[in-house]
Protein chains: 4
Amino acid sequence: MRTAGAGPIAARALAAELPGSLVVPCDVRDADALAEAHAQIVATLGAPGVVVHNAVLGARGDFLTIEPRQMQRALEVNVLGLLHVARLCAPAMMAAGRGAIVVTGNTSAHRGRAQFAGLAPSKAAQRILAESMARRLGPEGVHVSYLTIDAVIDVPWTREAFAGRPDDFYARPDDLAEACWMLAHQPRSAWTFEMTVRPFGEVW
Amino acid sequence: MRTAGAGPIAARALAAELPGSLVVPCDVRDADALAEAHAQIVATLGAPGVVVHNAVLGARGDFLTIEPRQMQRALEVNVLGLLHVARLCAPAMMAAGRGAIVVTGNTSAHRGRAQFAGLAPSKAAQRILAESMARRLGPEGVHVSYLTIDAVIDVPWTREAFAGRPDDFYARPDDLAEACWMLAHQPRSAWTFEMTVRPFGEVW
Amino acid sequence: MRTAGAGPIAARALAAELPGSLVVPCDVRDADALAEAHAQIVATLGAPGVVVHNAVLGARGDFLTIEPRQMQRALEVNVLGLLHVARLCAPAMMAAGRGAIVVTGNTSAHRGRAQFAGLAPSKAAQRILAESMARRLGPEGVHVSYLTIDAVIDVPWTREAFAGRPDDFYARPDDLAEACWMLAHQPRSAWTFEMTVRPFGEVW
Amino acid sequence: MRTAGAGPIAARALAAELPGSLVVPCDVRDADALAEAHAQIVATLGAPGVVVHNAVLGARGDFLTIEPRQMQRALEVNVLGLLHVARLCAPAMMAAGRGAIVVTGNTSAHRGRAQFAGLAPSKAAQRILAESMARRLGPEGVHVSYLTIDAVIDVPWTREAFAGRPDDFYARPDDLAEACWMLAHQPRSAWTFEMTVRPFGEVW
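Keep in mind that what you see is a predicted model, and the values were worked out from it rather than measured.

Novice: Just checking my understanding: could you explain the packing of helix α3 (residues 68–96) of chain A against helix α3 (residues 68–96) of chain B for this structure?
Specialist: Axis angle and axis distance: for two packed helices, these are the angle between their axes and the distance between the axes, and together they describe the pair. One way to put it is that α3(A) packs onto α3(B) with a least axis distance of 11 Å and a crossing angle of 160 degrees. As judged from the angle between their axes, α3(A) and α3(B) are roughly antiparallel. Every pair of crossing elements has a handedness; the one defined by α3(A) and α3(B) is right-handed. Where α3(A) abuts α3(B), its residues A:Pro68, A:Met71, A:Gln72, A:Leu75, A:Glu76, A:Val79, A:Leu80, A:Leu83, A:His84 and A:Arg87 lie against B:Pro68, B:Met71, B:Gln72, B:Leu75, B:Glu76, B:Val79, B:Leu80, B:Leu83, B:His84 and B:Arg87. A class-by-class count of the residues in the contact of α3(A) with α3(B) yields 12 nonpolar, 4 polar and 4 charged.

Pasting the structure below:
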């Protein structure tokens, strides 16, 4: 269950690459729509054992230039969206005594730059919500982790936006997926809550 | 301009202690009401030179037991409330090339304990919003700071809730006010964004 | 090349389990002895591609009860020992454009508790040295990472010291080794500098 | 008792400005010399109530270009020097149930840049040692704090090194002294361990 996406069309293209997958687009801000999507997934594939929360919304700009409405929507998608998803998926994991919820973030979750007023607060809130969930679910055998991606991801639109940069500039989606997979499958005597990944040449 | 309070009654009691003060209770989630309160303050006392944002709302409980609606309201008060206040007050400070906004928080702004799912995410978001504001306003001569209070504050209701604790257990409101005053008046060659205060005997 | 150990005897017992391994005990504080050990390893097995720096020394006690000499030795083993090892091993990795140095730590690297005055400062210094090395070597294709182990490791002496605790209380050495292996083999578009691991039931 | 300085000559120039002051230059790495200096101060002025540890030594360069001997000396001055001073001064403060130790640092105490391998590890160790001391001494009424100065300080040699920068570029020594004074005199219901100061226009 991947709780985000660049819309139904991209989601269907992805599904075509993954035989046996199920695509259920929905708006994570809408608790009812999410509950319906979740019910459909459970009915078809069973209760999810691993959830990757990758939905994100944010506006570029400082606190004077963003619209308060933009921040509100970022909070709804990035924070309340995670809360809704977790409340739907955690109980079955707790009953099973196993499962994983991986939340993806970026450096905005850790610091507030002037031009990220429309994104950073919601990512920081999301990270701390995930931390609170991790402490609640850990002793139940359910692993919550937060993957901070300090990178430009190698997808078609970033290749256009950063034209001319070498391949090494980007984080490869396959490598990010591997990081998620690793977090979701760590042996439970050595779990990680938080991990940052960045390309080897990134300045940090 | 103190943007919070334990309701109109407490605010009026406070005003009675402070000759020349003006009490304008309002709901910081309501942008229009805030704008009206701000206009009233400006008309009476002039544009505020120092703003202490102390409004807070939160629910106790883990992510399964709180109501999503409670988290939403905490985000509205603690994050959007600060955004609204800052957008109203910053422009006059920027025009003057001076001013201070002090935001108060607690350890929830830094870490997410299991039972603080209804508070910690919103305080973390507030802290990062303040950081983003500080970076935007600093070069304009306007000082934004975040005061983390890692303490039980000595007020009547905590004296009841923690009956039997010695005086040293509490942070004194006067001492916290002094910390706010200090932050608001630091010389501008040595500004602090973030400061934590706690009683000398506190375990941390 | 594992730069520590509970002495020559334990090291030989370990070697007996690992066919083809080479055991070269030495004191990491002694730059000359390390250089000799390194030369012996290079001559026998070639230049190391992965180095795990696991050597540690520390004294329990607060700043008044430890001996300054104990802190000095902790700094020599934990900080200077890493510096010596890195200076010996990094050049060949840089020439190859690949390689990994994994340093193991614990929560003392992040915070100074009262009774850890004889350990925490040296671990904090070690972590920041590793961070400085990571920034220097990353663009050269050499990956430095710091693994914080927030756990009691399951070895014979801790089983005695914490008698009665369930198996779940401990971090399993095999799982910690897997975390080191993962860090040493991350794809270079998604490297991690810092990762903390702890058992699922650990309070944090 | 100021435990550092740019040498005996600068110290005497400073003393000339401060009637009633006592200048006792010594090498903080030398425990015996420090003990003697401390004894001389106690005999002349009484046991110090406030100690500012400002001694610092570091080498510029990455881990490959610095000499290990340079790092060792930085650890001796920045870490062991603080340990020696604290062991000499804390007991009288504990007996009095009051006193303050302020340690000054910089951003190297928080992160390891590639070219700060010869300084950052020792400052990180110093900060964590101060934190360990703060936890030990706080309940005794003795306040330890760490002041991170994220700035170029306005002194003659930096004016030369950064020629052409405006006055606003620098942190003023008087303002830094005020921050130290504030930390040393905070009311004990609201103590701060760590505080960063930087000029209002600084990029951070």
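Novice: Got a minute to help me understand the relation of the copies chain D and chain C in this structure?
Specialist: Note that the two copies of the chain are related through a rotation about an axis and a translation along the same axis. For these two chains of identical sequence, chain D goes onto chain C by a turn of 180 degrees and a shift of 0.0 Å along the axis, with RMSD 0.0 Å. When the rotation and shift are considered jointly, the pair of chain copies conforms to a two-fold rotation axis. Considering only C-alpha atoms, the residue of chain D closest to the rotation axis is D:Ala125, which sits at 2.4 Å. Most of the interface of chain D is mirrored in chain C: 100% of its interface residues are interface residues there too.

Novice: How should α3(B) be read in this particular structure?
Specialist: Within an α-helix, residues lying three or four positions from one another point in the same direction, as the helix has 3.6 residues per turn. Taking 1.5 Å as the rise per residue, α3(B) with 29 residues should run 42 Å; its terminal C-alpha atoms sit 41 Å apart, in good agreement. Of all bends in α3(B), the biggest is about 35 degrees, found at B:Ala90, and the proline B:Pro91 comes one to four residues later.

Novice: Could you clarify how one ought to interpret the packing of aromatic side chains in this entry?
Specialist: The relative placement of two aromatic rings is captured by the distance of their centres and the angle of their planes. By the definition in use, this model includes 16 aromatic pairs over all chains. The interplanar angle of 85 degrees and the centroid separation of 5.0 Å between the aromatic rings of B:Phe169 and B:Tyr170 together place this pair among those described as edge-to-face. Residue class for B:Phe169 comes out buried when judged on its relative accessible area of 17%. On the accessibility criterion, B:Tyr170 (1% relative accessible area) is buried. A centroid spacing of 5.5 Å and a plane angle of 40 degrees characterise the contact between B:Phe193 and D:Trp204, whose relative ring orientation is tilted. With B:Phe193 in the loop between α6 (173–184) and β6 (194–197) and D:Trp204 in the segment after β6 (194–197), this pair bridges two chains. Residue B:Phe193 is classed as buried on the basis of its relative accessible area of 5%. The class for D:Trp204 is partly exposed, based on a relative accessible area of 22%. Put simply, the rings of A:Phe162, A:Phe169 and A:Tyr170 pair up and form one aromatic cluster. The ring of C:Trp204 carries the charged tip of A:Arg135 above its face, separated from the ring centre by 4.0 Å.

Novice: How do you make sense of the relation of the copies chain D and chain B when you look at a structure like this?
Specialist: Mapping chain D onto chain B is achieved by rotating through 180 degrees and translating by 0.0 Å along the same axis, at an RMSD of 0.0 Å. When the interface residues of chain D are mapped onto chain B, 100% of them again lie at the interface, so the same face is used by both copies.

Novice: Even after reading the chapter, I still don't get empty space enclosed by the protein, so can you show me in this structure?
Specialist: If a probe as big as a water molecule is rolled over the atoms, it shows which places are left empty. Following the criterion strictly, the structure yields 7 cavities of 30 Å³ or more and no others. Of the volumes computed, that of the largest cavity is approximately 120 Å³. At the level of elements, α4 (120–137) and β3 (142–149) of chain B are the ones that each hand at least two residues to the lining of the largest cavity. In terms of residue count, the dominant contributor to the lining of the largest cavity is β3(B) (3 residues). By residue class, the composition of the lining of the largest cavity is 9 nonpolar, 3 polar and 3 charged. Its boundaries defined by the atoms lining it, the second largest cavity holds a volume of some 100 Å³. As for the second largest cavity, its lining consists of 13 residues, of which A:Arg198, A:Trp204, C:Ala134, C:His143 and C:Trp191 are closest to the centre. Considering each element in turn, the lining of the second largest cavity owes the most residues, 3 residues, to strand β3 (residues 142–149) of chain C.

Novice: Where do I start with helix α4 (residues 120–137) of chain A in this structure?
Specialist: Across its 18 residues, α4(A) extends 25 Å between first and last C-alpha, which sits within 8% of the 26 Å expected from 1.5 Å per residue. Of all 18 residues in α4(A), 17 are buried; the element is thus mostly enclosed.

Novice: Would you mind showing me how to read the interface of chain D and chain C here?
Specialist: Quite often, the size of an interface is put as the accessible area lost when its parts meet. Across the contact, 39 residues belong to chain D and 39 residues belong to chain C. Surface buried jointly by chain D and chain C totals about 3300 Å² across both partners, of which 71% is contributed by carbon and sulfur atoms. Counting across the chain D and chain C interface gives 2 salt bridges. On inspection of chain D and its partner chain C, the count reaches 18 residue pairs in polar contact (both at pLDDT 80 or more). Looking at the side of chain D that touches chain C, the elements with two or more residues in it are α3 (68–96) and α4 (120–137) of chain D. The leading source of residues in the side of chain D that touches chain C is α3(D), at 14 residues. Here the side of chain D that touches chain C is built from residues that sort into 24 nonpolar, 7 polar and 8 charged.

Novice: Mind showing me how you'd approach the interface of chain D and chain B here?
Specialist: Counting from both sides, the interface comprises 31 residues of chain D and, opposite them, 31 residues of chain B. Of the roughly 2500 Å² buried between chain D and chain B, counting both surfaces, carbon and sulfur atoms make up 57%. At the boundary of chain D and chain B, one finds 2 salt bridges. The residue D:Arg188 makes a salt bridge to B:Asp168 at a minimum N-O spacing of 3.3 Å. For the interface between chain D and chain B, the tally reads 14 residue pairs in polar contact (both at pLDDT 80 or more). For the side of chain D that touches chain B, the elements supplying multiple residues, two or more each, are α4, β5 (170–171), α6 (173–184) and β6 of chain D. By residue class, the composition of the side of chain D that touches chain B is 15 nonpolar, 7 polar and 9 charged.

Novice: Please explain a positive patch on the surface as it appears in this structure.
Specialist: Together, A:Arg111, A:Arg113, D:Arg111 and D:Arg113 line one region of the surface with positive charge. On the accessibility criterion, D:Arg111 (31% relative accessible area) is partly exposed.

Novice: For this particular structure, what's the right way to read the side chain of B:Thr104?
Specialist: Residue and element names in this part refer to chain B. Relative to the helices and strands, Thr-104 is located in strand β2 (residues 99–105). A polar contact of 2.6 Å, which involves the side chain of Thr-104, links it to the side chain of Asn-54. The contact partners of Thr-104, leaving out residues within four places of it in the chain, are Val-52, His-53, Asn-54, Lys-123, Gln-126, Tyr-146, Leu-147, Ile-149 and Cys-180.

Novice: Would you mind showing me how to read the environment of B:Ser145 here?
Specialist: Residue and element names in this part refer to chain B. Looking at the secondary structure, you find Ser-145 in strand β3. Taking the C-alpha atoms as reference points, Ser-145 and Ala-31, separated by 114 residues in sequence, lie 22 Å from one another. The residues contacting Ser-145, other than those within four sequence positions of it, are Ile-101, Val-102, Val-103, Leu-183, Thr-192 and Phe-193.

Novice: Explanation requested: the pattern of salt bridges in the structure shown.
Specialist: For side chains of opposite charge, pairing can occur when their charged atoms come near one another. Residues and elements named next belong to chain A. All told, the structure shown has 48 salt bridges over all chains when counted by the stated rule. For Glu-140, the salt bridge goes to Arg-136, with nearest N and O atoms at 2.9 Å. Given a relative accessible area of 30%, Glu-140 falls into the partly exposed group. Exposure remark for Arg-136: the relative accessible area of 22% places this residue in the partly exposed category. One network of salt bridges, with partners in common, ties together Asp-27, Arg-29 and Glu-76.

Novice: I'm lost on the pairing of β2(B) in this one. Help?
Specialist: Residues and elements named next belong to chain B. Within β2, 7 of the 7 residues are buried, which leaves it mostly tucked inside the rest of the structure. Where burial is concerned, the two faces of β2 agree: the one with Gly-99, Ile-101, Val-103 and Gly-105 and the one with Ala-100, Val-102 and Thr-104 are both buried. Two elements, strand β1 (residues 50–53) and β2, share 4 bridges in a ladder whose sense is parallel. Along β2, the bridge assignment pairs Val-51 with Ile-101. What joins β1 to β2 is α3, and the crossover it makes is right-handed. Summarising the sheet, β2 and β3 pair through 7 bridges and their orientation is parallel. Across the sheet, Thr-104 pairs through a bridge with Leu-147, a residue of β3. Assessed by its sense of winding, the connection that carries the chain from β2 through α4 to β3 is right-handed.

The rules we used
Residues numbered from 1 in each chain as written. Chains lettered and ligands numbered in written order. Predicted model: local features only at pLDDT ≥ 70, side-chain atom pairs only at ≥ 80, totals over all residues. Heavy atoms only, no water. Axes fitted to C-alpha atoms, helices over the stretch in contact; angles between N-to-C directions. Helix = DSSP H or I, 4+ residues; strand = E, 2+ residues; numbered from the N terminus. Parallel < 35°, antiparallel > 145°, perpendicular 65-115°, else oblique. Left-handed = near helix turned anticlockwise from the far one by under 90°. Contact = heavy atoms within 4.5 Å. Nonpolar A, V, L, I, M, F, W, Y, C, P; charged D, E, K, R; others polar. Least-squares fit on C-alpha atoms with pLDDT ≥ 70 in both. Expected span 1.5 Å × (residues − 1). Bend = angle between axes of the 7 residues up to and from the residue. Phe/Tyr/Trp six-rings, centres within 6.5 Å; stacked < 30°, edge-to-face > 60°. Buried < 20%, exposed > 50% of the residue type's maximum accessible area, 1.4 Å probe, protein only. Lys NZ or Arg CZ within 6 Å of the ring centre and 35° of its normal. 1 Å grid on protein atoms, 1.4 Å probe; cavity = no way out; pocket = protein on both sides within 12 Å on 5 of 7 lines; lining within 4 Å. Points joined across faces, edges and corners; volume = space filled by probe spheres on them. Buried area = accessible area lost by both parts, 1.4 Å probe. Salt bridge = Lys/Arg side-chain N within 4 Å of Asp/Glu carboxyl O. Polar contact = N/O pair within 3.5 Å; in protein donor to acceptor, adjacent residues only side chain to side chain. Patch = residues over 30% accessible without salt bridge, like charges linked within 9 Å, V, L, I, M, F, W, Y side chains within 5 Å. Areas by Shrake-Rupley, 256 points an atom, 1.4 Å probe, with all protein chains shown as cover. Lys, Arg positive; Asp, Glu negative; His and termini not counted. Charge placed at Lys NZ, Arg CZ, Asp CG, Glu CD. Pairing = 2+ DSSP bridges. Right-handed = clockwise from strand over helix to strand, strands pointing away.

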